[in-house]
Amino acid sequence: MTQTLVDWITYCLLGIFGLMIIDFIIAFTISFWAGTFETTFLPYLKDIVFYVLPLNFILSMVSIDPTEWTLVVLYFIGALSVMIKYVRDIIGKFRPASGEDDN
């Protein structure tokens, strides 16, 4: 079983969308148990426009890249940074608020 570059690009995009879904489910669950349904889709739609769409734009410009790898590397760096952002957001949802410490 070989892994091509297209497979890795697809896995990165699926990883981003998977982390977005996990982040939404956690936010929805927290708001559900708190009794306030404040979770909306608008921040996630904004993130698709601000993060995923530019990554797809970078991929569409690969054909005009003379080195044929510079924009692909830029895509992977961008995808990794978006994944790190969502992992940090997910971890931040489980941290207590700064004013609610037990000390």
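Undergrad: Explanation requested: the pattern of salt bridges in the structure shown.
TA: For side chains bearing opposite charge, pairing can occur when the charged atoms are close. Scanning the entire structure with this criterion turns up four salt bridges. When the shortest N-O distance is used, the salt bridge between Asp23 and Lys93 registers 3.5 Å. With Asp23 in helix H1 (residues 5-34) and Lys93 in helix H3 (residues 70-94), this pair connects stretches of sequence that are 70 residues apart. Judged by relative accessible area, Asp23 falls into the buried class, the value being 4%. In this structure, Asp89 and Lys85 form a salt bridge, with 2.6 Å as the shortest nitrogen-oxygen distance. Of this pair, Asp89 and Lys85 both sit in helix H3, separated by four residues, roughly a single helical turn. We classify Asp89 as partly exposed; its relative accessible area is 29%. What makes Lys85 partly exposed here is its relative accessible area of 25%. Connected through shared salt-bridge partners, Lys46, Asp47, Lys85 and Asp89 make up one network.

Undergrad: Just checking my understanding: could you explain the packing of helix H2 (residues 42-60) against H3 for this structure?
TA: What describes two packed helices is the angle between their axes and the distance between those same axes. Axis separation between H2 and H3 bottoms out at 8 Å; the angle between their running directions is 160 degrees. Comparing their axes, H3 and H2 come out roughly antiparallel. Seen along the crossing, H2 lies across H3 with a hand that is left-handed. Side by side, H2 and H3 meet where Tyr44, Asp47, Tyr51, Leu55, Ile58 and Leu59 of the first sit next to Leu71, Leu74, Tyr75, Gly78, Ala79, Val82, Lys85 and Tyr86 of the second. Residues of the contact of H2 with H3, tallied by class, amount to 11 nonpolar, one polar and two charged.

Undergrad: Quick question: what am I supposed to make of H1 here?
TA: Residues three or four positions apart in an α-helix share a direction because the helix packs 3.6 residues into each turn. Here H1 spans 44 Å end to end across 30 residues, near enough to the 44 Å set by a 1.5 Å rise per residue. Listed in full, the buried residues belonging to H1 are Ile9, Cys12, Ile16, Leu19, Met20, Asp23, Phe24, Ile26, Ala27 and Ser31. On its buried side, H1 packs onto H2 and H3. Of the residues flanking the end of H1, it is Gly35, one or two places downstream, whose phi is positive at about 85 degrees.

Cut-off values and rules
- Residue positions are given per chain, counting from 1 as you read along its sequence in written order.
- Two thresholds apply to this predicted model, a pLDDT of at least 70 for residue-level local features and 80 or more for giving and counting side-chain atom pairs, whereas whole-chain, interface and lining totals are computed over all residues.
- In computing side-chain values, all of the structure's heavy atoms are included and hydrogens and water are not.
- By convention in these notes, a salt bridge is any Lys or Arg side-chain nitrogen within 4 Å of a carboxyl oxygen on Asp or Glu.
- A run of H or I in DSSP becomes a helix once it reaches four residues, and a run of E becomes a strand once it reaches two; helices and strands are each numbered from the N terminus.
- In this scheme, a residue with accessible area under 20% of its type's maximum is buried, one over 50% is exposed, and one in between is partly exposed, where area comes from a 1.4 Å probe on protein chains only.
- Axis angles are defined between N-to-C directions and span 0 to 180 degrees, where every axis is a line fitted to C-alpha atoms and, for a helix, only to the segment in contact.
- The labels follow the angle: roughly parallel below 35 degrees, roughly antiparallel above 145, roughly perpendicular from 65 to 115, and oblique for the rest.
- With the far helix as reference, a near helix turned anticlockwise by less than a right angle produces a left-handed crossing, and one turned clockwise produces a right-handed crossing.
- Contacts are residue-level and defined by heavy atoms, with any inter-residue pair within 4.5 Å sufficient.
- Following the grouping adopted for this structure description, the nonpolar residues are Ala, Val, Leu, Ile, Met, Phe, Trp, Tyr, Cys and Pro, the charged ones are Asp, Glu, Lys and Arg, and the polar ones are all others, Gly among them.
- Here a helix's expected span is defined as the number of its residues, less one, multiplied by 1.5 Å.

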